[in-house]
Amino acid sequence: MELALLLVSMAAVVLAATAVSDRLHVPAPLLLVVVGAVASYVPGVPTIHLESEVVLLGLLPPLLYAAAIQTSLVDFNANRGSILRLSVVLVVITSLVVGAVVEWLVPGIGWAAAIAIGAVVAPPDAVAATAVARRIGLPRRVVTILEGESLLNDATALVALGTATAALSGSVTMGAVGLDFLLAAGGGTAIGVLFFVVVAWLRKRLTDPLLDTALSFLTPFAAFVAAEEIHASGVIAVVVAGLLLGHKAPIIQTAQSRITERITWRTVAFVLENTVFLLIGLQLDWILADVAESTLTGARIALVCAATFATVIAVRMAWVFGTLLFRRLGSDPLPASWTFLIGWAGMRGVVTLAAAFVIPEDAPHREVLLLVAFTVVAGTLLVQGLTLPPLTRLLRVPAPDPAEDALSRAGLLQQAADAGLAKLEELDFDDHHGVDAQVRARIDQRTFAAWEQLSTAEGEETPSELYTRVRREMIAAERAKVLLVRSKGRLASEVVSEVLGMLDIEESMLDAGTEARASVRNTSMAFTAGRVCDDLAEQPAIETVADPACASCLADGTRWVSLRQCLTCGHVGCCDSSVGRHATAHFHDTLHPVMQSAEPDEQWRWCYVHNLTG
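All figures in this text were calculated on a predicted structure; none of them were measured in a lab. (Residues numbered from 1 in each chain as written. Predicted model: local features only at pLDDT ≥ 70, side-chain atom pairs only at ≥ 80, totals over all residues. Heavy atoms only, no water.)

Enquirer: Give me the overall build of the protein: which residues, what numbers.
Expert: Check the secondary structure of the protein and you find 25 helices and five strands. Of all 614 residues assigned to the protein, the portion counted as buried reaches 48%. Sequence separation of 24 or more characterises 76% of the internal contacts of the protein that already satisfy a separation of 6 or more. When the accessible area of the protein is evaluated, it comes to approximately 29,500 Å², of which 63% is carbon and sulfur surface. (Helix = DSSP H or I, 4+ residues; strand = E, 2+ residues; numbered from the N terminus. Buried < 20%, exposed > 50% of the residue type's maximum accessible area, 1.4 Å probe, protein only. Contact = heavy atoms within 4.5 Å. Areas by Shrake-Rupley, 256 points an atom, 1.4 Å probe, with all protein chains shown as cover.)

Shown next as C-alpha cells:
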C-alpha cells in the first residue's frame, strides 16, 4: 500500500509541477529537479535509491524509442557529421579530460575511477536538452543535432564506462577497448536493423491498432535486451530500430495504427520524462548523507564538484567552437550563434546519475563520485537550462516561423492534391452517384483551408473558419444526440463508442486547423521557402498594388476571400477559396506562371507551373 501511495503521489506531483511550469515559464524538467530535491528532506517522504538497472533497462529504452520514432531520419542523415562529432568524439574527449581533472584533485583515486566518472558525466541527456530547446523555440536544425547527439552519446559513454570499470578490477588493453567500441556500434546497428525488418514485416500484416501499439511497446525492450545479450550496444539497437520504423511508418502501418501509436508514445514519454527528473531530485538527501562520511574534507569535495562541472561545460564549448571551422567549410554552415547554443545546451540527466551507480562499490571515494554526478546533472539543468532562453533572445536566434510552416504546408498539400487528382483522372469507373464531384470537393476543401491559413488579416472570417465554426456546432449537436441515445440503452455500447470516436477525430481535425491559422496571425510573411524553380527565380517578390480589388468579383457581385497579383501583367484576382477563383482562371487564360499574394504583409508567391511556393 505504501508503494501504491508513493507512485500516486509522484504522478500527482509530476502533473502539478508540469502545469505550474507553464505558468512560471520555466521548463518542467528544471522545476521537477528542484521539487524533488526539496521533497527529499520533507519528513515522511521515503528515501528512494535510483538503481542503475531500473533506469538503464526500464526507463532508457522507451525514452530513446519515443524520441527516435519522432526524429526525422532525413534530417538526422543531413546532420550526421555534427551528430557523430558530438556523440562519439566529444564524449571520449570529455571522459578523458574530466578524468584527468578528478585524478589530479582527488588523491589516490586512480585513473580508472577518474575516467569512469568522466564517462558518467560526459553524455548530455536525451530528454533535457530537447525539452528545453523545443519549449523556447530553437531552430529545427539545432534541435535535430541535439536530438541526434542525445540518441547516440549514451552508447559511447556506457562503453567507456564499462571499459573503465573493467580496469578497476584488472588490466585493459587498447585493442580490447577498440574491439568493444566496434562490437557495441556494429552489433547494436545490426540488431536494430534486424528488429526493424521483423517489426516492419509484422506490421504489414497487422490491421488491429491495439496489436500494432502493443508490438511497439515490446520493440525497444526486446531490441535493447537482444543487443546487450551479445555484448553490443542496446542504446544503438533501440535508436536504429526507432529511426527506421518512424521513417517507414507511413508505408508499413495503417493510418489508425499510426495515430494510436503517436498518441500513446507521446503520453508515455510525457510521464516517463517528467518522472525521471523528479527522481533525480529525490536522490539528494541520501547522497549528501553518504558524502558526510567521506575521508575527504568538505572543501576538497566542493572543489572536485565545481571543477568537474566547469570542465564539462568548458570542454563542450571548446569542442563545439573548435569544430565550427569544419562546419563552415561545408555547403550549409551553421551560424556562430546557433553553434554557441548547441554548445550551451549540454544538460545532463538521468542516464548520468544512473550510470554513476554502475561504478563498483569498492571503488575509491565512490560516494564523492556520486555527488559529482548529481552536481553535474543538477548544475547543468539549472544553470544552462535557465540561461538558455535569455541567451537565445540575446543572440537573436530565430524560432521556427509559423507563417513559413503554413506556406510550406499549403504548398505540399497542393502538390499532394494535384497528384491525387491526376490519379483520379487515370481511374476508369462508372460514376453513377456523383463520386467524382464529391472527391474533388473534399480535396478542394482541405487544400483551400491550408491556403486560407496563410491569411494574416484580423477580423475576416475565411470560408474554412466559417466551416469550422458551423461544423463544430453541428458536431456538438450530433454528440448530444448520440449521448441521448446511449442513455436509453437501446444500442450496443461498442457501436456508440465507435460513432463518438468518429466525431472526436473530425473535431480534432477542426481544432488543428484553427490552431494553425491562429499561429500565423500577426506574422510577416516576407520570406522564401522551399525549392525555387526557374519561374520563381525570374520573378521575385514585388510591392503589390495599393488597395487591390478583383474586378471580376466586382462585376459578378461576389465577395473574395484573398487577393493574388500576377507578376507578369499585374492582374489582380481572387484566390481559389473565393467563389470566382479568378486568379487561377487568369493563369489558365494567359499561362502567366507566378502570382503573389496581394494581402498586406504577405510577400509569398506561387508558381502554377511547378506547384512551388516562394
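Enquirer: Please provide a residue-by-residue account of the state of the cysteines, values included.
Expert: For the structure shown, the criterion picks out zero disulfides. With no disulfide of its own, Cys533 has Cys607 as its nearest cysteine by sulfur position, at a separation of 3.7 Å. Judged by relative accessible area, Cys533 falls into the buried class, the value being 7%. (Disulfide = S-S within 2.5 Å.)

Enquirer: Help me get a handle on the pairing of strand S1 (residues 563–566), residues and values and all.
Expert: Side chains Leu563 and Gln565 project from S1 onto one buried face, and the interleaved Arg564 and Cys566 project onto a second face that is buried too. With three bridges joining them, S1 and strand S2 (residues 572–574) adopt antiparallel strand pairing. Looking at S2, one finds that Arg564 is bridged to Gly573. The pairing of S1 with strand S3 (residues 594–597) spans three bridges and is classified as antiparallel. Bridge pairing in S3 links Cys566 to Met595. (Pairing = 2+ DSSP bridges.)

Enquirer: If you had to explain the pattern of salt bridges to someone new, which residues and values would you point to?
Expert: Applying the stated criterion across every chain yields a total of 10 salt bridges. Between Asp504 and Arg479 there is a salt bridge; the shortest N-O distance is 3.1 Å. Linking Asp504 in helix H22 (residues 493–520) with Arg479 in helix H21 (residues 463–488), this pair joins segments that are 25 residues apart in sequence. Since its relative accessible area comes to 41%, Asp504 is described here as partly exposed. With its nearest N and O atoms 2.6 Å apart, the salt bridge here joins Glu507 to Arg479. (Salt bridge = Lys/Arg side-chain N within 4 Å of Asp/Glu carboxyl O.)

Enquirer: Any chance you could break down the packing of aromatic side chains for me, citing the residues and the numbers?
Expert: What describes a pair of aromatic rings is the distance from one ring centre to the other and the angle between the planes of the rings. Summed over the entire model, instances satisfying the criterion amount to five aromatic pairs. Plain terms: the ring middles of Phe217 and Trp265 are 5.1 Å apart, the flat faces sit at 40 degrees to each other, and that makes the pair tilted. Here Phe217 is found in helix H10 (residues 209–229), whereas its partner Trp265 is found in helix H12 (residues 255–282), with 48 residues between them in sequence. Of the residues examined, Phe217 reaches a relative accessible area of 33% and is grouped as partly exposed. Three or more aromatic residues joined by ring pairs make a cluster, and in this case those are Tyr65, Phe217 and Trp265. (Phe/Tyr/Trp six-rings, centres within 6.5 Å; stacked < 30°, edge-to-face > 60°.)

Enquirer: Any chance you could break down the nonpolar core for me, citing the residues and the numbers?
Expert: The biggest cluster of nonpolar side chains holds 124 residues, and the ones touching the most others in it are Val102, Ile117, Val120, Ile280, Leu353 and Ile359. Tallying contributions element by element places helix H18 (residues 366–394) first for this core, with 13 residues. Ignoring any residue separated from it by four or fewer positions in sequence, one finds Ile117 in contact with Val102, Ile359, Leu369, Val372 and Ala373. Among the nonpolar cores identified, the runner-up in size contains 10 residues, and Leu407, Ala410, Trp451 and Met595 belong to it. (Core = buried A, V, L, I, M, F, W, Y, C linked by side-chain atoms within 4.5 Å.)

Enquirer: For the confidence of the model for the protein, give the residues involved together with the corresponding values.
Expert: Put simply, the protein has an average pLDDT of 81, and 90% of its residues get 70 or more. Note that pLDDT drops below 50 for residues 524–529; the model gives that stretch 25 contacts with residues more than four away or on any other chain. (pLDDT = per-residue confidence, 0-100.)

Enquirer: Could you give an account of the sheet that holds S2, with specific residues and numbers?
Expert: Ordered in space as S2-S1-S3-S4-S5, the five strands form an open sheet in which the pairing is antiparallel. Here the strands that pair on one side only, and so sit at the sheet edges, are S2 and strand S5 (612–613). Sheet topology places strand S4 (residues 605–607) next to S5; two bridges connect them, and they run antiparallel. By the bridge assignment, Trp606 is partnered in S5 with Thr613. Running over the sheet, helix H25 (residues 582–590) touches S1 and S2 and is turned about 125 degrees from S2. (Axes fitted to C-alpha atoms, helices over the stretch in contact; angles between N-to-C directions.)

Enquirer: Give me the lowdown on the side chain of Ser577, citing residues and values where you can.
Expert: Tracing the backbone shows Ser577 in the loop between S2 and H25. Looking at Ser577, the relative accessible area reads 15%, which means it is buried.

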